[in-house]
Structure formats: C-alpha cells, structure tokens
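Breakdown of the fold
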Amino acid sequence: MVRDTTELGFSAPDRVLVTCGPAVCGLLLTAALPAAARWLLDLHIGLPFGPVFRVLSRIDSPWELAIQAAILVVVGLCVTASLYEHLTPVTVGPDQLRAGPVRLSRAEIAAVYLDGDTLVVLDRESRQAVRCIPRARRRLVAGTFHELGYPWQDTDPFAHLYQPWPAASGVLPDAADAVLSARAVALRKKAAREATELRATLEKLGYSVRDDRDRQLWRPLVRS
C-alpha cells in the first residue's frame, strides 16, 4: 500500500540537535575556552592570534563569563537560524512534490536523485527544477521517493553528457559561453545566489551546468 503525503523534515532528535545544539555548545565553550587558552599559553609555544588567547585567558570573573556566554549563545542561535534557512523542508505526495516554495506535479518530473547531500529534481526537459539540501537524512529521502513511485535514480542519468568548460571554439553558442564565464567569476567570489541565477539563465539557453570542485561541466538539455 502506497502511503500518503510525507514531509521530509527534521526527525525529532535532529530537530532538538539543530535547535538547541549550537547554543548548548556555546555554553560549554564558555567554561572551556579560558581554561584552554591558559593551558596553551603555559606551553610557551608560538600561537597564531596570540593576543586573542591572552584575552581569553584573563576571563575568570562571573560577569566576564556571563558576557562571554551571552555572546556564544547568540552565535549558536545564529548558526541554528542559518541551518533552518539553508536546509529545505520537502513534502512528497502521490501526485505532487513541494520543496520550499517550489511545487511540481509528478507528471512534470523526469528524474530524482541525490548529488552528495543535495536533492536534484529534473523536469521533462532535464532542467533542474529543484536543487536543495533536504532537512531529512539521505536514507529517508531515497526511501520515500522509492515508495511513492517517483523516478528515483542512484546518480544523474545525464552524467555521461557533461563536458568540461571552457569548451572547444564553436561548440557552445557565444551567449551560453558568456553565461558560463560570468558564473565562473561568481563561483570564485563564492557568490552562491548569483551562481544559481546564472544556472537558470543558462537553462533558458538550452544548457545545464554542474560543478566538479573548481570546474564547471555543461551539457545540452534533453527532452523526455
């Protein structure tokens, strides 16, 4: 029996870990950092950022520890907020997939697979209709799509079509080559949002791109 809609969110233990873990780590570091700094300074070895270690080693009064705890807890809460922002809730139903703000009917989907920890959903023209990191663990993601009968793939079904960029002269249209050149600059600057926008622009020109470390690989879109 095929089950109903499934939300691929945090499990209960993962939710507690993501929500409370960074702040708790901040509290634990409040006591550990001054002691660790004093121990390292007593070794009389060359330390990078020596002044920072000396400042930490002098923290011992209750009010100083309270200020440090507040700072570290706030940092931990910022980490938690970042995780909630960058890990995407995914809902999978028998007839529809929702990933963040994106909704796709099952009929629009040609393939679903994991690229590392990233969920990729290809539409009927092999465009990346969804590319996100789900909040659920990999095994649950794969099992849910299998059980609900989606076209799950263990790897990218079009991986064999990718070619390295820069391409040989004349292989790519000038417009596509210019987008890949601009995207290479965005990747070097670690401008993730700009790189994502340029990926969408390239797909409008009829090409897909994926990253292999510091290289871009491209392929033509394939209609199914």
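Below is a summary of the structure that appears in this document. Here the structure is a predicted model, which means the values were calculated and not measured.

Along the backbone of the protein chain there are six helices and 11 strands. Computed over C-alpha atoms, the radius of gyration of the protein chain comes to 23 Å, more than 25% over the 17 Å expected from 2.2 N^0.38 for 224 residues, which places it beyond the range of a compact globule. Considering only contacts in the protein chain between residues 6 or more positions apart, those separated by 24 or more positions represent 58%. Just so you have it, the protein chain exposes about 13,500 Å², and 60% of that area is on carbon and sulfur atoms.

The next point concerns the side chain of Arg135. Within the fold, Arg135 resides in the loop between β8 (128-134) and α4 (138-147). Within the buried set, Arg135 has no salt-bridge partner at all; the shortest N-O distance to an opposite charge, 6.1 Å, is to Glu7. At a separation of 2.8 Å, a polar atom in the side chain of Arg135 contacts the main-chain carbonyl oxygen of Tyr84. Apart from the residues within four sequence positions on either side, Arg135 is in contact with Leu8, Gly9, Phe10, Tyr84, Leu87, Thr88 and Pro89.

So, on to a nonpolar patch on the surface. A cluster of nonpolar residues, Trp63, Ile67, Ile71, Val75, Val79 and Leu83, forms a patch on the protein surface that exposes about 550 Å² of accessible area. You can see Ile67 is positioned in helix α3 (residues 62-86). Residue classification places Ile67 among the partly exposed residues on the basis of a relative accessible area of 43%.

Counted by the stated rule, this structure contains eight salt bridges. Here Arg127 ties to Glu125 by a salt bridge, and the two come within 3.7 Å at their closest N and O atoms. Two residues, Asp211 and Arg183, come together in a salt bridge whose shortest N-O distance is 2.8 Å. Of this pair, Asp211 sits in strand β10 (residues 207-212) while Arg183 sits in helix α5 (residues 174-188), and the two are 28 residues apart along the sequence. What makes Asp211 partly exposed here is its relative accessible area of 31%. Overall, the relative accessible area of 2% leaves Arg183 in the buried class. Connected via shared salt-bridge partners are Asp123, Glu125, Arg127 and Arg223.

Scoring rules and cut-offs
Residues numbered from 1 in each chain as written. Predicted model: local features only at pLDDT ≥ 70, side-chain atom pairs only at ≥ 80, totals over all residues. Heavy atoms only, no water. Helix = DSSP H or I, 4+ residues; strand = E, 2+ residues; numbered from the N terminus. Rg over C-alpha atoms; globule rule 2.2 N^0.38 Å. Contact = heavy atoms within 4.5 Å. Areas by Shrake-Rupley, 256 points an atom, 1.4 Å probe, with all protein chains shown as cover. Buried < 20%, exposed > 50% of the residue type's maximum accessible area, 1.4 Å probe, protein only. Lys, Arg positive; Asp, Glu negative; His and termini not counted. Salt bridge = Lys/Arg side-chain N within 4 Å of Asp/Glu carboxyl O. Polar contact = N/O pair within 3.5 Å; in protein donor to acceptor, adjacent residues only side chain to side chain. Patch = residues over 30% accessible without salt bridge, like charges linked within 9 Å, V, L, I, M, F, W, Y side chains within 5 Å.

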